[in-house]
Amino acid sequence: MTLRLAGAAHRAFDGREPAPADPFLVRIYADMAEMYGTTFDQPRLERANRNTFSDMAEGLLDALPALEDPLDLVVMASAEPDFDPRTSAVAYVTERVPGEPLGFALSDQGETAPYTALRLAGQYAAVGQADRVLVTVMDQTTSPADPRPPRQGTDARDGAAALLLSADGPGAPTEVRQYPGLTLDEAHRRLHEVLDDGVSTLLVGAGLDPERSTPPAGARTEVVRPSAEFPCSGVWALLAERLPDFTRDGGTVVVADFVPDGPDGTGRGGLSLCVLDFGAARA
């Protein structure tokens, strides 16, 4: 059973005024830093935005149309875990939405996490365990240590995206494809193979080069890159923003990103694609 994209939303969040760090977080991060032979940057934490995933989940649910039908599954994807381990945003969301959905979080995969979340949701649907699914994607800039590049630049912001999927009803059928162990050159070649099948729009993440992602001459694919402010949720924000246009115009939309395996951002990595067939969307 294929999940269809029934709705999407994105919301950005402003930072808080600098304030003394919570003593609990100071203690836990100082202990962790000592354990790993590094130094906890308390002033950095006190200057940070300090928007928890629960804070952002609340605002994100308010940005979605009212959910009336029960959900079966909630998956929260993020490049890195929530900076405040005392809160469970997944538990908060499952309490807020109708039904009694299964909920879990997926992290530590960089920008691959949302694609993996969608793939897992599709597997639940395939065995009849999830007809209605909510996938959320979180971008959080608060970190007690220097973030790993290129995830968070100086212009990074907190943001969250929501993807509402349903096994029946209107919406574009979704298909997730993930290819591990590729070099960046191989990832671009594989992407071109997909674009050769006739893709109207490509939403390309920060791990891919927009110019090298452009299909061969003669192809009519629009290539769009999101703002660098939202490294994990940016492509999904674009999808949410342009969803009415895609639904009206039809065609195939591909969301794509490449995440290197190595901590230095080089070497082999994984290409992730989400293919949305708006031409097959039922009115």
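Now for a look at the structure at hand. Please read these numbers as outputs of a predicted model, since none were measured by experiment.

So, how was this worked out
- Residues numbered from 1 in each chain as written.
- Predicted model: local features only at pLDDT ≥ 70, side-chain atom pairs only at ≥ 80, totals over all residues.
- Heavy atoms only, no water.
- Helix = DSSP H or I, 4+ residues; strand = E, 2+ residues; numbered from the N terminus.
- Rg over C-alpha atoms; globule rule 2.2 N^0.38 Å.
- Buried < 20%, exposed > 50% of the residue type's maximum accessible area, 1.4 Å probe, protein only.
- Contact = heavy atoms within 4.5 Å.
- Areas by Shrake-Rupley, 256 points an atom, 1.4 Å probe, with all protein chains shown as cover.
- Lys, Arg positive; Asp, Glu negative; His and termini not counted.
- Charge placed at Lys NZ, Arg CZ, Asp CG, Glu CD.
- Core = buried A, V, L, I, M, F, W, Y, C linked by side-chain atoms within 4.5 Å.
- Pairing = 2+ DSSP bridges.

A few points about the overall build of the chain
- A tally of regular secondary structure across the chain gives 8 helices and 10 strands.
- Over its C-alpha trace the chain gives a radius of gyration of 19 Å, about what one expects of a compact globule, namely 19 Å for 283 residues.
- By principal-axis analysis of the C-alpha atoms, the chain measures approximately 55 × 45 × 30 Å.
- A total of 283 residues make up the chain; the buried ones form 49% of that total.
- A fraction of 76% describes how many contacts in the chain between residues 6 or more apart in sequence connect residues 24 or more apart.
- With an accessible surface of roughly 13,300 Å², the chain has 49% of that area assigned to carbon and sulfur atoms.
- Taken together, the 24 basic and 43 acidic charged side chains of the chain have centroids lying 2 Å from each other.

Thoughts on the nonpolar core
- Counting 38 residues, the largest nonpolar core has Leu163, Trp236, Leu239 and Phe278 as the members making the most contacts within it.
- Elements with a minimum of two residues in this core: strand E1 (4–13), strand E2 (73–78), helix H5 (113–126), strand E4 (132–139), strand E5 (158–166), helix H8 (234–249), strand E9 (252–260) and strand E10 (269–277).
- With 7 residues, H8 is the single largest residue contributor to this core.
- Once residues lying within four places of it in the same chain are set aside, the contact partners of Leu163 are Leu5, Gly7, Ala8, Leu118, Val133, Leu134, Val135, Trp236 and Leu239.
- By size, the runner-up hydrophobic cluster in this structure holds 20 residues, among which are Phe13, Met76, Val97 and Ala162.

Description of the pairing of strand E7 (residues 201–204)
- Burial along E7 is two-sided: the residues Thr201 and Leu203 and Leu202 and Val204 are all buried.
- Relative to strand E8 (residues 222–224), E7 is paired through 3 bridges, and the arrangement is parallel. Note that in E8 the partner of Leu202 across the bridge is Val223.
- Examined bridge by bridge, E7 and E9 share 4 bridges and lie parallel to one another. Counted as the bridge partner of Val204 is Ala256 from E9.

A look at the environment of Gln42
- Its location among the elements puts Gln42 in helix H2 (residues 42–47).
- Look at Gln42 and you get partly exposed, because its relative accessible area is 29%.
- Taking C-alpha positions, Gln42 is 8.8 Å from Tyr29, a pair spaced 13 residues apart along the chain.
- If we skip the residues at most four places from it in the chain, Gln42 touches Ala21 and Val26.

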